[in-house]
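Residue-level structural notes
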Amino acid sequence: MLSAMRQNAGSWIIKILLGIIVVAFIFMGAGSFSARRAAMVAKVNGELISINEYQAAYDRMIQDLHRRLGDQFNDEMIKTLDIEKQALDRLIETAILRQTAEKEGIRVSKKELAASIVGMDAFQDGNGAFDHQRYKMVLSQNRLNPASFEAMQRDALLHGKLNSLLAGGVKVSDEEAREWYLWENASVTIDYAEFTPDAFKDLQASDEELKKYFDEHKEGYKTEPQIKARYLAFDPSAYLTKIEVSEDEIRQYYTDSEDEFRTPETVTTRQILLHLPLEADPDTVEKRRTEAFAVIQEARSGKDFVELARQYSEDPSGEKGRLMGPFTRDEMVKPLAEAAFELEVGEISDPVRTLEGWHILKIEGYEPSAVKPIEQVRDQIVQRVSEQKAKDMAYEEATALYDISYTGEDLVKNAADRKLELITTDWFARSNGPAGVPDSSAFAAIAFDLPLMDISDVAQIGGAYYLIQTIEEQPSHLPELEAVKEQVMAGATKEKREKAAEDAAKRFLEKARAGGDMTILGQQEGVEVRSVLLENRSRRSPEFEDDGAVSAEAFTLSLQDRFPKEVIKGKGGRYYVIALKEKRLPPAEGYMMAKNSIVSRLKRQKQMDLYQAWLAGLRKNSDITISKRFMDEGGA
């Protein structure tokens, strides 16, 4: 297992991207839909997966990756990550997991399901409360309805329960942890020479090289598809002047939202602190505790607490014996809060231990939790109710207009009839969206998914509601060489200089392997050779902050084979030649300090490996049929 982990230790980018896919899939695309089409993508132990389910999962996976990665996400990444296969695999695995949970009697109760959904930030208003209208809106924007989303969320919770059951028995031995510590924390010292394209600035691409480069990279110069859209924005703030809030509404909100206006209970205290070092031995701890009890006895016998504080307290934070607070439970260190809120006013606590030492508390005041009077929060309530009513009014007007606008010029006519401003955008691409819209990427995602002249559902973007209609399309096209000559020249010249740097590095490596001493060779060739210590596998040296490939290769070398077989390609067209000078194992005493962290990491990795192996076994023993037509047509 450790060797497999070592081999994969550098594949973090792919892992992160696949992680995004899994998360997007669980929460945005997989699961049981109530509606089934006759067209089948796959069958898992008799359970059908429809083309609708597959297409929805694939589309949302693409949308989520685009939203997360922005301009970095492209068609090449779709191929690299094999999104079509990922979408189908996750649908199949979700079906298998659901069937396994049912077979094992693992259930998700309605209460568990409701609690998980109510707790999602995406469905909460500005006060952290579940907003049912927002819930429906968010689902609608993602082409879901409550029934389908709740089925998906139930599957996600079942998935979590199954995973927890499997993970419970995973162990990591001391031998495994120690082996990983030695492997990960070994250090190496290397000699290196760097060859950069900047050293060949006199090179320029010829006309022949320019044309050849353009022919080989034509796809990279294609323009993005662009569209124009028109839209109506229904901003709740524009409706506030029309809102009236009645006395009944104020009282109803006050009654329904009592916790919002509740003040927490508080205590006011004085304290005496007997300081105790963190590293104090048990005898010292007990000695100071005995001293604390002696002070408590004096206080409880009637002596003035303030005078005792001035005499005994070692509190460095201010005047000894001063009033402190009022404090809520959350504002106090937990042991002090537990003691303070159990005492009556005037009572003195037993010694309470914290990181600072032994505390003696006297309670000087207590205020119970209470709801603020309605008159005190009236303005706040009016503002909240007004904002919600304005939001409802904006949404209702957007919905009313949507209900009578079907396609074509309906939106233009209906907007004019209601004297609403219909805004037309300039041309924009999916990657940047139109100017003047608060969240232009969200706007672009909706607009690009619309057929020409269709009108979107009511969409919430940046706090306002939108109706969007795509009115013109401009497909991607390949320009003539003359139109992009400047960009092509830059690309061709860059490639030529990088090739020159690579060739120089290869010649140097060949000579170094033959001669054995890079420093002497560097002096002969006029190439600067430097030395650097790489402290461990995970910590990059400043010299190679952006080039993890150098560090990764350095740790594969041995004193018997000091040079890599090939030059190392770094970022920005740089190339490196390296040679191992020294290799050291980490100090043995460092293992105990790092052990807990290592065990935790290895345990997580083992749990993941166990889960994947278990899932692979379930899949192998399942009866899975994939539609031949689906495979022939290439999925999505």
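Taking the largest bend as the criterion, helix H15 (residues 374-403) deviates by roughly 35°, centred on Gln380. Every buried residue belonging to H15 is among Ile374, Val377, Arg378, Ile381, Val385, Ser386, Ala390, Lys391, Ala394, Glu397, Ala398 and Leu401, and all of these are buried. Elements that come into contact with the buried residues of H15 comprise helix H7 (132-141), strand E4 (226-234), helix H11 (247-256), helix H16 (410-417), strand E13 (459-461) and strand E14 (464-474).

Time to look at the sheet that holds strand E15 (residues 530-534). Strand order in the open sheet made by the four strands is E15-E3-E17-E16, with antiparallel pairing throughout. The open sheet is flanked by E15 and strand E16 (568-569), the only strands paired with a single partner. Two elements, strand E3 (residues 187-195) and E15, share five bridges in a ladder whose sense is antiparallel. Its bridge partner being in E15, Ile190 is matched across the sheet by Val532. Of the strands in this sheet, E3 and strand E17 (575-584) touch helix H18 (residues 485-515), which is tilted by about 40° from E17. Contacts from helix H19 (residues 518-525) reach E3 and E17, with the element oriented near 15° to E3.

In this section: the pattern of salt bridges. Under the defined criterion, the tally for this structure stands at 46 salt bridges. Residues Asp89 and Lys85 are paired through a salt bridge, measuring 2.6 Å at the closest nitrogen-oxygen approach. Of this pair, Asp89 and Lys85 are both found in helix H5 (residues 83-103), four residues apart, which corresponds to roughly one turn of the helix. Across the pair Asp191 and Lys581 runs a salt bridge, and its minimum N-O distance is 3.8 Å. A residue pair is termed long-range when its members are at least 10 positions apart, and Asp191 in strand E3 and Lys581 in strand E17 qualify at 390 residues. Residue classification places Lys581 among the partly exposed positions, given a relative accessible area of 44%. Here the residues in one salt-bridge network are Lys85, Asp89, Arg90, Glu93 and Arg619, joined through shared partners.

Moving on, we come to the confidence of the model for the chain. For the chain, per-residue confidence averages 86 on the pLDDT scale, and residues scoring 70 or more make up 92% of the total. Every residue in residues 1-38 scores below 50 in pLDDT, and together they form 83 contacts with partners more than four places removed in sequence or on other chains.

Moving on, we come to H19. Inspection of H19 places Met518, Leu521 and Gly522 among the buried residues, and these make up the whole buried set. The buried residues of H19 occupy an angular sector of 105° when projected down its axis, which confines them to one face. Opposite the buried face of H19, by more than 90 degrees, sit the exposed residues Gln523 and Gln524. Downstream of H19 by one or two residues, Gly526 has phi in the positive range, about 75°.

Take the pairing of E17 next. Direction of pairing for E3 relative to E17: antiparallel, over a ladder of nine bridges. When the bridges of E17 are listed, Phe195 appears paired with Tyr575. The pairing of E16 with E17 spans two bridges and is classified as antiparallel. Along E17, the bridge assignment pairs Ile568 with Tyr576. In textbook terms, the turn of a hairpin is the stretch between consecutive antiparallel strands, and for E16 and E17 this stretch comprises five residues, one of which, Gly572, has a positive phi near 70°.

The rules behind these values
Residues numbered from 1 in each chain as written. Predicted model: local features only at pLDDT ≥ 70, side-chain atom pairs only at ≥ 80, totals over all residues. Heavy atoms only, no water. Bend = angle between axes of the 7 residues up to and from the residue. Helix = DSSP H or I, 4+ residues; strand = E, 2+ residues; numbered from the N terminus. Buried < 20%, exposed > 50% of the residue type's maximum accessible area, 1.4 Å probe, protein only. Contact = heavy atoms within 4.5 Å. Pairing = 2+ DSSP bridges. Axes fitted to C-alpha atoms, helices over the stretch in contact; angles between N-to-C directions. Salt bridge = Lys/Arg side-chain N within 4 Å of Asp/Glu carboxyl O. pLDDT = per-residue confidence, 0-100. Arc of directions from axis to C-beta.

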